[in-house]
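# Structure assessment
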Amino acid sequence: MQKINKNVVLALLSLTSLVFLLFQLCYYKFYLSQKVRENCAAQACLCGITPYNAYSETFSSINASPAPNHVVRKFLGLISSHNIPVYLIDPLILGLIDKDIEQIRSSDGPSTDCKYFCAPRDFTTFALLDKTWKHEMGLFRTAEKMGFQWLKIINKDPRLDGMDDLSGIEIPLHYIFKLASHAIHLVVFYERSGNYLWHGPLRLKQHMDRKFVPFRKLHFGRYPGAYEKPELVLVSIDDLKVQIPKNPSSFLDEMSHSRFLECRYREARAFFQLYPDDASLDAVVFRKKAKSLLHLAVRTLNNLGVKFWLSSGTCLGWYRQCNVIPHSKDVDLGVFIRDYKADIIPAFQKAGLPLKHKFGKVEDSLELSFQGEDDVKLDIFFFYEEDDHIWNGGTQAKSGKKFKYLFPKFTLCWTEFVELKVHVPCETLQYVEANYGPDWKVPVKTWDWKSSPSNVQYNGVWPVDEWDDVIQIY
Amino acid sequence: MDEWKPNPAIKPHKKRSWYLAWKYKLMNQRALRKLCQTGAVLFLLVTVIVNIKLILDTRRAAYEEEEESAQDYDDETLNVEVPRHPVRNKKVLDVEVYSSRSKVYVAVDGTTVLEDEAREQGRGIHIIVLNQATGHVMAKRVFDTYSPHEDEAMVLFLNMVARGRILIFTIKDEGSFHLKDTAKNVLKSLGSQVAPFLSWRDMWTFVGKKGGEVYGEKHAKSPALSTWGDPVLLKTEVHLTSVEDAECHWPDTELNRRRKRFCSKVEGYGSVCSCKDPTPIEFNPDPLKDNKVFDVPVAVIAGNRPNYLYRMLRSLLSAQGVNPQMITVFIDGYYEEPMDVVELFGLSGIQHTPISIKNARVSQHYKASLTATFNLFPDAKFAVVLEEDLDISVDFFSFLSQSIHLLEEDESLYCISAWNDQGYEHTAEDPSLLYRVETMPGLGWVLRKSLYKDELEPKWPTPEKLWDWDMWMRMPEQRKGRECIIPDISRSYHFGIVGLNMNGYFHEAYFKKHKFNTVPNVQLKNVESLRKDAYETEIHRLLGEAEILDHSKNPCEDSFVPDTEGRVYVMFIRMEQEADFTTWTQLAKCLHIWDLDVRGNHKGLWRLFRKKNHFLVVGVPASPYSSKKPSSVTPIYMEPPAKEEGAVAVPAVAAAEQT
């Protein structure tokens, strides 16, 4: 009996093994086939929308790629047939143009040689002012007929971002038109409060084709940017009529410092949930005064061509609550000492802001204070750059004591604050934390500039014989 | 084991001997056999374990891969795909309709598409329109046919519904008091047998296809005046048709694509969705020469009254000099249908999460809309503010274009408004005439950006304050003595009957007979004389040439003003101090103009027309123009009626408007 059992077990196990073997084979085959299909799908999605495109791309890469100027010509034809005023902002071509700008401006006769648009590159970048176009779909249909593939990148409208509970419409930020191996990048510029133009970042959404063009090589879209409204001029280059910024070199210069930071509206809302905004009449009045003082200061400094940024309490107000802090009693700006100009004081006096005090000297710890409308004061701190940090100085008038405020190195970004386009440190968090410590999120009403900041250092005393010069109070 | 083969020669009945033989044979190699057996078992076990492990491994790997690839493409926002409703292949819909005093509901295939059991709300006939092909709800309306004129609106609506749509009716509370014969006949023509006999507090449900079959009807009569009919519940089946039958075949253009999207979703917009010769959705009115308001943004403040919005946008887009690119519609709440209307016209719309309740909600919506407007159009110095229940006059933009420079230059101006509170059919005459008034009429007006940004926005009423934004704007703290410019004949017409501060009675008494300009290209006269000082000169000139009316007569009588045309008359009323409006209110009441609060005054002077004569009313002695009164004339004094009177007739809104 035992023997039979053993044999039966043996037979059963053999059978199971066979079944498993078969099952395994089957499963493996299924798994393999699925994987193949998956790869296939992925490839199709990455390489282009239709096999035809994949083909045309390989074809063009084997042969010499068609000159970019043909694509540009086609694109300009498309654009002008729809009456869309675009202008050229391609840094590469503008760089070339800039070299012989005088010649281009004066010459009317069409030059036959393709000097600019034939330069080898993957993209040509154009700008479009949003309000000059109605975003009609007709353009895209024509573009498709001409053989372009296009991609539209939309995102939330930042102009409505600062507002509670508006479901902001999504707005187009970038368009890319691709023909064979060359692509046209069309950046949409929007006018914003503060009389400047803004373009958005280029961010791909989930379903988008990541290999449509080599996005990383694009000149615009890594960050949002802020620009002055450019003066345009119509020129004829390479036998093509195109609008370009009147002064390409200053545009290119602007471009290199154009990075824009949006205010952190969501965090600001969270802050106001925690610490409700001061809606008292005093607060309203102070904000209004601070705003007009800031507007005046910005106008004055911009006229002088002095680069500045929001500093101290004003910067904290922007970063934390996107507004002026009502219990801060002044407006604070920072200026690099290398940008100091002797005209600053007379210019402010001319603008109706008398000098209140001047501490320090250009070589050391300079600080200017101007008297605005009733008690609101404008402080300009001058910043000194060292190898590994940046600092500004403070002076106590009665004792002649000097203080030093240390900041990690930073660069400047544009932002919008109370309807002004102004600079703030790009590394705002480090800047604010250096100044106000890790608890900067908690409003503090009593603030001592000599002891409260977490980055303050005692810096000796001014020699008494210099006092007349370095401590001037009016 | 391999060498062993069953011997076919052995017969079944000899099985035992066969087995024994086999056993004996194997016994000889016991050790070998044992080894083989254990080896096989072990091998098999290992195979099984390896197999199981392999399966598990591949499965996990496949799963992880899937997840990874998903993460790769996950950029910033989780795109949650809304599960789509399974395509309904079903050809029959189950419809349930319930009608009773305090509750109505409609369920289609078990899904409740209407449920209203709120107290003191939703009285009247509820109508639901279903798409005959998909069964989707295309429109949902309630007509309070207990109140006057609502039946007319219902007839209008029913006429606009396309043939073939499925209509569902149910009554809540009362729906027959002002249901006139015309409306009953329309219901009858839809196939209702009960409708002609509907009476006080009857309950009624009806399901039918427009211009087609009747799917069911139920009715419960009210036994007595003081009670309601028994609740009725109608259960019926509706047969669906094919999609092709339910759609029109318009030529494929961008406009028609918008139209198609709209018409397949919603119903009740009449000819815009008619298959033959649909009404246009693009108007291309004549451009204005030298249009000074072409770049002024237009904010349309809307709630959930899509059919109002439709009518409003039509008139707005037909006005000469309109610039559709500058129009933004702000919708208070995440309502779909108003957004559909906005998209139909190719305009941009923004939805706003409602904050607070009632008046404060409207007020917060206004604030958000105005702020957004100036954010979106940072260059704009002004914004035109409109509401969804206004008709816009054909020369609205022409009127603004001719007057807007005053708002820019004259600091003493608060706004330009298209609305004259006192401009009724019988009191307004001259489309080219403008006034300065101390009140802010609203209803289509222009706001200066500096006023909003510097003064109003920072101290706008917070959500917890249940204030009307317009009342707040009229308060002296905000207005600061500034005035608004208004036309004699309004350039907007307030047609809304349903609203927060609005009902049928109120509309009929105060808005229906308002005069509305329909003449295009009116050339405004005296625009420059609207400036602060020039206007005083103008008024003095006017008073100088005015004939003094006979103050012994009753000013309410028609004969108070002679039967002339084109003359200027003046009367004097008693007005002890600046805020004494006792006599004015009584006069306004008997002239059937706005009397709920004081509107349209300028330094104790009112200007209107009577029998086509310019009619001036001066309050003596408070008005600085009192000096024009000859000493022989005694100002007229009119006593307010005893308290109880009037309080009944004035609806709840009056209280709100006067606070």
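Everything numeric here is computed off the predicted structure, so don't read it as measured data.

To continue, consider the overall build of chain B. Summing up its helical and strand segments, chain B has 17 helices and 24 strands in all. Residues classed as buried in chain B amount to 52% of the 659 residues present. For chain B, restricting intrachain contacts to residue pairs at least 6 apart in sequence, the fraction spanning at least 24 positions comes to 71%. For chain B, the exposed surface amounts to about 32,100 Å²; the carbon and sulfur share of it is 55%.

The next thing to look at is the packing of aromatic side chains. Residues and elements named next belong to chain A. Scanning the model with the defined rule gives 62 aromatic pairs over all chains in all. With a centroid separation of 6.0 Å and an interplanar angle of 40°, the aromatic rings of tryptophan 318 and tyrosine 319 are classed as tilted. Taking the relative accessible area as the measure of exposure, tryptophan 318 reaches 1% and is therefore buried. Take tyrosine 319: its relative accessible area is 10%, and that puts it in the buried class. Centre to centre, the rings of phenylalanine 410 and tyrosine 431 are 5.1 Å apart; their planes meet at 85°, and the pair counts as edge-to-face. Residue phenylalanine 410 is located in the loop between strand 17 (401-407) and strand 18 (412-417), and its partner tyrosine 431 is located in helix 12 (residues 428-436); the two are separated by 21 residues in the primary sequence. Take phenylalanine 410: its relative accessible area is 9%, and that puts it in the buried class. Residue class for tyrosine 431 comes out buried when judged on its relative accessible area of 1%. Three or more aromatic residues joined by ring pairs form one cluster here, namely Phe75, Phe126, Trp133, Phe140, Phe148, Trp150, Tyr175 and Phe177. Directly above the aromatic system of phenylalanine 212 lies the positively charged group of lysine 178, at a separation of 4.5 Å from the ring centroid.

Residue and element names in this part refer to chain B. Two elements in contact, helix 3 (residues 150-160) and helix 4 (residues 181-189), have axes separated by 9 Å at closest approach and are oriented at 30°. One finds that helix 3 runs roughly parallel with respect to helix 4. In the crossing of helix 3 with helix 4, the sense of the turn from one axis to the other is left-handed. Along its contact with helix 3, which presents Asp151, Met154, Val155 and Leu158, the element helix 4 presents Ala183, Val186 and Leu187.

To continue, consider the sheet that holds strand 21 (residues 568-575) of chain B. Residue and element names in this part refer to chain B. Reading across the sheet, the 5 strands line up as 20-21-24-23-22 and stay open at both edges, with mixed pairing between neighbours. The strands lining the two open edges of the sheet, one partner per strand, are strand 20 (547-548) and strand 22 (601-602). Where helix 16 (residues 582-590) meets the sheet, its contacts fall on strand 21, strand 23 (605-610) and strand 24 (613-621), and the angle it forms with strand 21 comes to roughly 130°.

Turning next to the domain arrangement of chain B. Residue and element names in this part refer to chain B. When the domains of chain B are assigned, the result is domain 1 (92-245), domain 2 (298-527) and domain 3 (531-628). Here the C-alpha centre of domain 2 lies 35 Å away from the C-alpha centre of domain 1. With 5 residues of domain 1 in contact, the opposing surface of domain 2 contributes 6 residues. Summing the contributions of domain 1 and of domain 2, the shared interface buries around 500 Å²; its carbon and sulfur component is 43%. The residue glutamate 337 makes a salt bridge to arginine 141 at a minimum N-O spacing of 3.8 Å. Here domain 1 and domain 2 share 1 residue pair in polar contact (both at pLDDT 80 or more) between them. Here the residues of the side of domain 1 that touches domain 2 sort into 2 nonpolar, 1 polar and 2 charged.

Residue and element names in this part refer to chain A. Most of strand 17 is tucked away: 5 of the 7 residues are buried. The pairing of strand 16 (residues 390-395) with strand 17 spans 6 bridges and is classified as antiparallel. Note on strand 17: the bridge partner recorded for isoleucine 390 is phenylalanine 407. Pairing geometry for strand 17 and strand 20 (residues 456-461), over 4 bridges, is antiparallel. Looking across to strand 20, one finds that lysine 401 is bridged to valine 461.

Our next topic: a positive patch on the surface. All names here are of chain A. On the surface, a cluster of positive charge is made up of Arg203, Arg216, Arg222 and Arg259. Looking at the secondary structure, you find arginine 222 in the loop between strand 7 (196-199) and strand 8 (225-227). Judged by its relative accessible area of 59%, arginine 222 falls in the exposed class.

A few words on the domain arrangement of chain A. Residues and elements named next belong to chain A. Assigned domains within chain A: domain 1 (66-258) and domain 2 (265-473). Summarising the inter-unit geometry, the C-alpha centres of domain 1 and domain 2 are found 37 Å apart. Contact with domain 1, which involves 14 residues of that partner, is made by 7 residues of domain 2. Surface buried jointly by domain 1 and domain 2 totals about 890 Å² across both partners, of which 48% is contributed by carbon and sulfur atoms. Of all residues in domain 1, Ser193, Tyr196 and His257 give up the largest surface area on contact with domain 2, accounting jointly for 35% of the area buried on that side. Counting every contact that joins domain 1 to domain 2 gives 2 salt bridges. Note that glutamate 228 and lysine 421 form a salt bridge whose closest N and O atoms lie 2.6 Å from each other. Here domain 1 is connected to domain 2 by 4 residue pairs in polar contact (both at pLDDT 80 or more).

Rules of the game
- Residue indices begin from 1 for each chain and proceed along its sequence in written order.
- Lettering of chains starts at A and numbering of ligands starts at 1, both following the order in which they are written.
- Local features in this predicted model are restricted to residues whose pLDDT is 70 or higher, and side-chain atom pairs enter the listing and the counts only when it is 80 or higher, whereas totals over whole chains, interfaces and linings include all residues.
- Each side-chain value is worked out from all heavy atoms of the structure, with water and hydrogens disregarded.
- Secondary structure follows DSSP: runs of H or I at least 4 residues long count as helices, runs of E at least 2 residues long count as strands, and numbering of each begins at the N terminus.
- For each residue, the accessible area found with a 1.4 Å probe, counting protein chains only, is set against the maximum for its type, and the residue is called buried under 20%, exposed over 50%, and partly exposed in between.
- By the convention used here, residues are in contact when the closest approach between their heavy atoms is within 4.5 Å.
- Shrake-Rupley sampling with a 1.4 Å probe provides the accessible areas, and residues are treated as covered by the protein chains on show and by no other component.
- The aromatic pairing rule takes the rings of Phe, Tyr and Trp, using the six-membered ring of Trp, and pairs them if the centres are within 6.5 Å, calling planes under 30 degrees apart stacked, those over 60 edge-to-face and the rest tilted.
- Should the NZ of a Lys or the CZ of an Arg lie within 6 Å of a ring centre and within 35 degrees of the ring normal, that charge is described as sitting over the ring.
- Here an axis means a line fitted to C-alpha atoms, over the contact stretch when the element is a helix, while the angle between two N-to-C directions is reported on a 0 to 180 degree scale.
- Note that the term roughly parallel is reserved for angles under 35 degrees, roughly antiparallel for angles over 145, roughly perpendicular for angles of 65 to 115, and oblique for everything else.
- For any helix crossing, the convention is left-handed if the near helix is rotated counterclockwise from the far helix by under a right angle, and right-handed if that rotation is clockwise.
- What makes two strands pair is DSSP finding at least two bridges between them.
- Segmentation into domains, and thus their bounds, comes from an automatic or database assignment.
- Accessible surface is computed with a 1.4 Å probe, and the buried area is the amount of it that two parts give up when combined, taken over both parts together.
- We define a salt bridge as a side-chain nitrogen of Lys or Arg found within 4 Å of a carboxyl oxygen belonging to Asp or Glu.
- By the criterion applied in these results, polar contacts are pairs of N or O atoms within 3.5 Å in which, for protein atoms, one can donate a hydrogen and the other can accept it, and in which residues neighboring in sequence qualify only through two side-chain atoms.
- Residue classes follow a fixed rule: Ala, Val, Leu, Ile, Met, Phe, Trp, Tyr, Cys and Pro count as nonpolar, while Asp, Glu, Lys and Arg count as charged, and any other residue, Gly among them, counts as polar.
- What makes a patch is a set of residues exposed beyond 30% relative accessible area and free of salt bridges, joined within 9 Å when like-charged and within 5 Å when nonpolar (Val, Leu, Ile, Met, Phe, Trp, Tyr).
- Positive residues here are Lys and Arg, negative ones are Asp and Glu, while His and the chain termini are left out of the count.
- Working definition for charges: the position is that of NZ of Lys, CZ of Arg, CG of Asp or CD of Glu.

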